[in-house]
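# Coordinates in review
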Amino acid sequence: MDLLHNNPMLQGVRQMMHAYAKSTIRPIAAQHDQEESMPWELMKSASMMGMSQTALLDTNKGALGQAGAGEVSDDKPKTMGRLQIVAAEELAWGCAGISLALAGSGLACTPVARMGTEEQKAHFREAMKGVDDKGHVKVAAMALSEPSTGSDISGLATSARKDGDHYVLNGHKQWITNGQSAAVYVVWAQTDATLGRAGVRGFLVTRDLVGLVPGRKEVKLGIRASETAQVHFEDCRVHESMMLGHKQPSAGLGDTKKMLDSTRPVVGIQAVGIARAAYEFLLERIRGWELHGTPMAGHQHIAFQLAEMEMEIEASRHLCHRAAWMADHRLENVKMASMAKAHAARTAEMVTSKAMAMLGEEALQAGHPVEKWYRDAKIFDIFEGTGQIQRRIIAKQATGLNAT
Amino acid sequence: MNFAMTEEQALLTATLRRFTEKELRTWAPEADRQAQAPEQLFSKGGDLGLFVDAVPEDQGGLLDGRFEHLSRALRGLELGRGCAALASLLECNVEPALAIARWGSPALQSELFALMAEGALIATAHDSEGRLRIEASERVQVSGSLSAIPAGAKASHLLLLTDELVALVPASAARIEAVETSGWRAGAWASWSFDDHSLPAEHILARGPAAREAREQILSWANISLAARALGVATAAIEYATAYAQERHQFGQAIADFESIIRLRDKNETAIRAARLLVLEAASLADRDDPTAVDHASRARDLAGDIVTRATIDAVQIYGGYGFVNDYPVEKLMRDARAFEVLHGNAAFQRVLMRRQGDN
Ligand SMILES: Cc1cc2nc3c(=O)[nH]c(=O)nc-3n(C[C@H](O)[C@H](O)[C@H](O)COP(=O)(O)OP(=O)(O)OC[C@H]3O[C@@H](n4cnc5c(N)ncnc54)[C@H](O)[C@@H]3O)c2cc1C
């Protein structure tokens, strides 16, 4: 059975996204990597094509705006999860940094879509309209991690103190995607330390609020076309109506964790996209490569490594599709999502690493596509839950214990 | 058998360790960002005698008696801990000096040793993929291009190793273009291209079967040093990661105390220690002219190349998000790791091919 289940919509999206990645993303990937710059021009044209940064908010549409239309009533299986998967693999095949620049606002849309009130959704949409003072399309940021708090989000130090009908935010956020440029931030903060995890809530903070201070941009190993920055909150007053869910009861951190679970297959498939890119590049090179008059591909030393790569890529892709399929069918997929993400991250590391070794000296040069993919791949074992955290989740599902 | 260092070796190690910790590690981040070695590297390296320690004493160098690959391996372990790129510049003169002393004519020796005594660098390149065309009729002519040679942008000459030829080519004979690399960024990489350059006879060290033998020797010296430096980088990665893991707390405890992190470090440490023994043995065999030194050296580089890749990836992993950003030392190490495996050709593949041909 084909992974796309003979679904013409998924197949269409794959074709469309592949063509886009090939003709539009690939040609500028090296430049944005070298310059460590966001692909603003591309982001503008993408948003005009309907690859909207806020489409996730529209539950009747997929991540790709109109492409997902046709989603029907709630009791039928959806295709949105798989649709995202199919699109994300192709975009990351083009460039994982650019793909995060294009889709990074989705990290902030997800909690708004899941936990936000209608008013908050409207507020978010409004903030994302038009262009900013540099003429750039608007982007959003999801600010959870802090300098001392990455894997263990229960230790959040950013506080939200109630003051009349406002909350006053204080604290620092670390490694925030779109952290410097965002028009709107979803910020997690502790509203009441005595409540512990239940006291953690998300806040919608628009850029114009006093006390929101975008910080320094990081110089990174990979995915350099995506901006990562610190964000500071210094007595930043946010109206209580901008607390996600507002007066509705909240599961605090529990909600946040669910949100992270739901994005894992999409993160995993991007690693698959990188691995596939490197594999295809290598295969192409090896096909035309002769060593002392014999084809390189005739050497088992080479050929079996190719086989290994293809096995792992295929296995990773299946896991990601399976996890997304389960979500589309409203089946509990926490374990599958973690397995998909962790396995795909490993695969991307292995494939890009071996590809560099096989290509030899040429791949040492800065900006060589495989060298770049090697650098890009590493983040997939770190963000959205490290490889260790995924294994902790998988093992806990099996044993019921949090192993240390 | 005695695994202890001699007094001299212990002193050497201690001196270089200080140099690594005080100087190399201080220079490394900026050298990486600027893709340029600091000037002090050359004065300090000169003070330490690193550029001429394989040049005979009576020719302006420091070598009194036999060059010791074992000491060089010990030094590589330390320099690699400091910075792979800077270490590659400090080490680049050894193969050329030894090759010139062994196969060069007296005229070539006095010409090049004099240059080296004045501070010249000589790079080494192996045409492992057969990119060059060598024509040998009346004169030997070289054409074609080699893409990425460390120290190539600063070198007065290139020690060129091919299937048919071992020769020294002056920079004036080539079109040299600086190459930007992802790792070893301060390593002064360059591509060298030749348009039918005729080599003067005195610049040719060996031809035909003799060249293949000389190449094998030279590569074995390089393999030992590369392996040692690779393990230096791996050691640094795990040292940094260990220190960081002890400081970093998540879930109410130091991450160093999670068993998966303990095991991650432990596996790397075991691998580094085992590979260190193999490198030192290869070096000791080379010092005794044992014919198996070549094979040991190749295996040592193969293993060390794998280990440094693994160790640096794992170090970034242990640093988490901080590992991915340039303010912390380990993302550089992950980039620096990759040259060791492929420089002068992939050692693992070379051995596979040799065995297939029944050479071994
Ligand atoms: C490029 C980039 C973009 C990012 N974008 C965002 C963003 O948009 N928004 C946001 O909020 N965050 C973002 N992050 C932060 C990211 O989610 C964190 O870096 C990640 O969760 C890991 O946290 P940490 O870096 O604090 O590592 P730590 O949690 O300190 O982990 C360090 C090491 O310890 C291990 N470890 C931790 N706990 C355990 C355990 N219980 N058992 C075994 N091992 C353990 C980890 O696996 C890791 O190897 C981004 C990070 C990067 C690098």
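Residues numbered from 1 in each chain as written. Chains lettered and ligands numbered in written order. Predicted model: local features only at pLDDT ≥ 70, side-chain atom pairs only at ≥ 80, totals over all residues. Heavy atoms only, no water.

### Let's talk about the domain arrangement of chain B
Residue and element names in this part refer to chain B. Taken domain by domain, chain B comprises domain 1 (7-117), domain 2 (121-207) and domain 3 (210-356). Computed over C-alpha atoms only, the centres of domain 1 and domain 2 are separated by 21 Å. Listed by partner, the interface residues are 27 residues for domain 1 and 18 residues for domain 2. Summed over both sides, the interface of domain 1 with domain 2 buries roughly 1800 Å², with 72% coming from carbon and sulfur. Ionic pairing is found between Arg185 and Asp32, a salt bridge with its closest N-O pair at 3.9 Å. Where domain 1 touches domain 2, the interface holds 3 residue pairs in polar contact (both at pLDDT 80 or more). (Domains from an automatic or database assignment. Contact = heavy atoms within 4.5 Å. Buried area = accessible area lost by both parts, 1.4 Å probe. Salt bridge = Lys/Arg side-chain N within 4 Å of Asp/Glu carboxyl O. Polar contact = N/O pair within 3.5 Å; in protein donor to acceptor, adjacent residues only side chain to side chain.)

### Observations regarding the interface of chain B and chain A
Interfaces are frequently sized by the accessible area removed from exposure as the parts join. Contact residues are listed per partner, giving 49 residues for chain B and 47 residues for chain A. Of the roughly 4000 Å² buried where chain B meets chain A, counting both sides, 57% is carbon and sulfur surface. The tally of links from chain B across to chain A stands at 2 salt bridges. A salt bridge links Arg216(A) to Asp327(B), with the nearest nitrogen and oxygen atoms 2.6 Å apart. On the surface where chain B and chain A come into contact, there are 22 residue pairs in polar contact (both at pLDDT 80 or more). Across the side of chain B that touches chain A, the residue classes break down as 20 nonpolar, 16 polar and 13 charged. (Nonpolar A, V, L, I, M, F, W, Y, C, P; charged D, E, K, R; others polar.)

### Things to note about the sheet that holds strand 2 (residues 133-136) of chain B
All names here are of chain B. Judged by pairing direction, the sheet is antiparallel, and its 4 strands sit side by side in the order 2-3-7-6 without closing on themselves. Of all the strands in the sheet, just strand 2 and strand 6 (175-178) have a single pairing partner and so form its edges. Taking the axes of each pair of neighbouring strands and ignoring which way they run, one obtains an average angle of 10° across the sheet. Two strands pair when backbone bridges link them, and strand 6 and strand 7 (residues 190-199) are joined in this way by 4 bridges, in the antiparallel orientation. Of the residues in strand 7, the one forming a bridge with Arg175 is Ser193. (Pairing = 2+ DSSP bridges. Helix = DSSP H or I, 4+ residues; strand = E, 2+ residues; numbered from the N terminus. Axes fitted to C-alpha atoms, helices over the stretch in contact; angles between N-to-C directions.)

### Focus: the site of the ligand
Around the ligand, the structure places 32 residues, and the nearest of them are Ser151(A), Thr386(A), Arg248(B), Gln317(B) and Gly321(B). Residues within reach of the ligand are spread across chains A and B. At a separation of 2.7 Å, a nitrogen atom of the ligand approaches a polar backbone atom of Met142(A). Relative to its free-state accessible area of 970 Å², the ligand is covered by the protein chains to the extent of 96%. Where the shell around the ligand is concerned, the elements lending two or more residues are strand 1 (140-143), strand 3 (166-177) and helix 11 (387-399) of chain A together with helix 8 (259-287) and helix 9 (293-319) of chain B. Grouping the amino acids of the shell around the ligand by side-chain chemistry returns 16 nonpolar, 12 polar and 4 charged. (Near = heavy atom within 4 Å. Areas by Shrake-Rupley, 256 points an atom, 1.4 Å probe, with all protein chains shown as cover.)

### So, the sheet that holds strand 4 (residues 155-161) of chain B
Residue and element names in this part refer to chain B. As summarised here, the arrangement of the 4 strands in space is 1-4-5-8, forming an open sheet in which the pairing is mixed. Where the open sheet ends on each side, the last strands, each with one partner, are strand 1 (121-126) and strand 8 (204-207). Here the strands of the sheet are splayed against their neighbours by 20° on average, with no regard to which way each runs. With 6 bridges connecting them, strand 1 and strand 4 associate as parallel partners. Following the sheet pairing, Ala123 is matched in strand 4 by Leu158. On top of the sheet, helix 7 (residues 208-247) reaches strand 1, strand 4, strand 5 (165-170) and strand 8; it is set at about 115° to strand 8, its chief contact.

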